[in-house]
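Below are the chains, spelled out letter by letter.
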Amino acid sequence: MADSTPAGSVERPRAGVSPEGVTGGGFGVLTGMTPQWQVASRVTAFSTTRLGGVSAAPYQSLNLGLHVGDERQAVQENRRRVQDSFALPAEPCWLNQTHSADILAIGEGERRELAGVALPEGESPNADGAWTDQAGTVLAVLTADCLPVVISDAEGRQLAVVHAGWRGLAAGILENALARFTPGVELHAWLGPAIGPDAFEVGEEVRQAFVDRKSEHADAFLPGQADSAAVSGVKFWADIYALARAELQACRPVSVTGGDYCTVSQPQWFHSHRRDGTRSGRMVTVAWMDAS
């Protein structure tokens, strides 16, 4: 077993530490964070930061979302840079993310299916995660506060990448992703950069959605600030990392790593919808398996 390190990863930010070459407010170094997990080295997985792209303010600089109002040409160049710098073996399987609990399965012969219905090749389906057992198939999700989760078996024969916002988490998207894996295989999950527990203030309806799903989810919520303007009514601080760990480990044995960053409070590295509003850029979390 070996840690997976993507080709072209120049810097790897750590919480509270400015990576060398990025200080001074620059956005010129393409960077990526990789999981530290006990998964076969044939699996490559990483999350980008906002560094190293061509998008102008307020999206500077590596915005990878085509749907947020950025110049299409800039986003396409940013995507090209990611593909070249990290040596992706193919174009990512982009999804039209809708905060659902739907997982796209990409099986033999690039057959794509969602809820058992075959989809035409090249179509971007509505889904918030994808699973594959095919080497060279590049899975990807876009985030800017929501939690990206990469799941792999230890041997690197099955892989999933999930966009886990609170709605998807509360609807069981991680349970749906785990159900795609062969029963009994050793599983590992990595939690990429997302909104931290000191920044994710939510209303009672969010807490109730999780408590209705599993009563023990109440432990992931602390009372919020009464004078906050972010959320009206009763407020709570939510720990999306704790919620994801609980969801993963309630389904079957899963070794979980990651969950070390806060997209809101680390603007030098991350886009954040909570912080920057509708004109926030997007990072990408990517994973694939080599044939060997």
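Structural data are supplied above this passage.
Okay, so let's go over this structure. The numbers attached to residues start from 1 for each chain and follow its sequence in the written order. Restriction of local features to residues with pLDDT of at least 70 applies here, the model being predicted, together with a cutoff of 80 or more for giving and counting side-chain atom pairs; totals for whole chains, interfaces and linings are based on all residues. Note that the side-chain values use all heavy atoms of the structure and ignore hydrogens as well as water.

**Observations concerning the environment of alanine 144**
This is how the line gets drawn: Helix and strand assignments follow DSSP, with helices taken as H or I runs no shorter than four residues and strands as E runs no shorter than two, numbered in order from the N terminus. Pairs of residues are marked as contacts when any of their non-hydrogen atoms sit within 4.5 Å.
Looking at where alanine 144 falls in the secondary structure, it is placed in the loop between β7 (139–143) and β8 (147–153). Once the C-alpha coordinates of alanine 144 and arginine 282 are considered, the two residues, 138 residues apart in sequence, prove to be 5.2 Å apart. If we ignore the near neighbours within four places in the chain, the residues touching alanine 144 are His271, Ser272, His273, Ser280, Gly281, Arg282 and Met283.

**Some words on the sheet that holds strand β11 (residues 201–203)**
Note the cut-off: DSSP bridges decide pairing: two strands pair if at least two such bridges lie between them. Under this scheme, a helix contributes an axis fitted over its contacting stretch, all axes are lines through C-alpha atoms, and angles between N-to-C directions fall in the 0 to 180 degree range.
Read from one edge of the open sheet, three strands run β11-β13-β12, paired in antiparallel fashion. Of all the strands in the sheet, just β11 and β12 (221–223) have a single pairing partner and so form its edges. The sheet shows a mean angle of 45° between the axes of neighbouring strands, direction not considered. Bridge count between β11 and strand β13 (residues 235–238): three bridges; the pairing is antiparallel. Considered in β13, the bridge of glutamate 201 is made with tryptophan 237. Packing against the sheet, helix α4 (residues 204–213) makes contact with β11, β12 and β13, and its axis sits at approximately 80° to β11.

**What to know about helix α5 (residues 240–251)**
Where we set the bar: To estimate how far a helix should reach, multiply one less than its number of residues by 1.5 Å. Here the term buried applies to any residue with accessible area under 20% of the maximum for its type, exposed to any over 50%, and partly exposed to those in between, with areas from a 1.4 Å probe on protein chains only. Working note: the arc is built from the helix axis to C-beta atom directions. Distance and chemistry together define a polar contact, namely a pair of N or O atoms within 3.5 Å, with one atom able to donate a hydrogen and the other to accept it when in protein, and with adjacent residues in sequence counting only for side-chain atoms on both sides.
Here α5 contains twelve residues, and its C-alpha end-to-end distance of 17 Å stays within 8% of the 16 Å for a straight helix at 1.5 Å per residue. Buried within α5 we find Ile240, Tyr241, Leu243, Ala244, Glu247 and Leu248. For α5, the arc enclosing every buried residue in end-on projection is 165°, short of the 170-degree limit, so these residues lie on one face. Put simply, aspartate 239 is the residue that caps the front of α5, since its side-chain oxygen is 3.1 Å from the backbone nitrogen of tyrosine 241.

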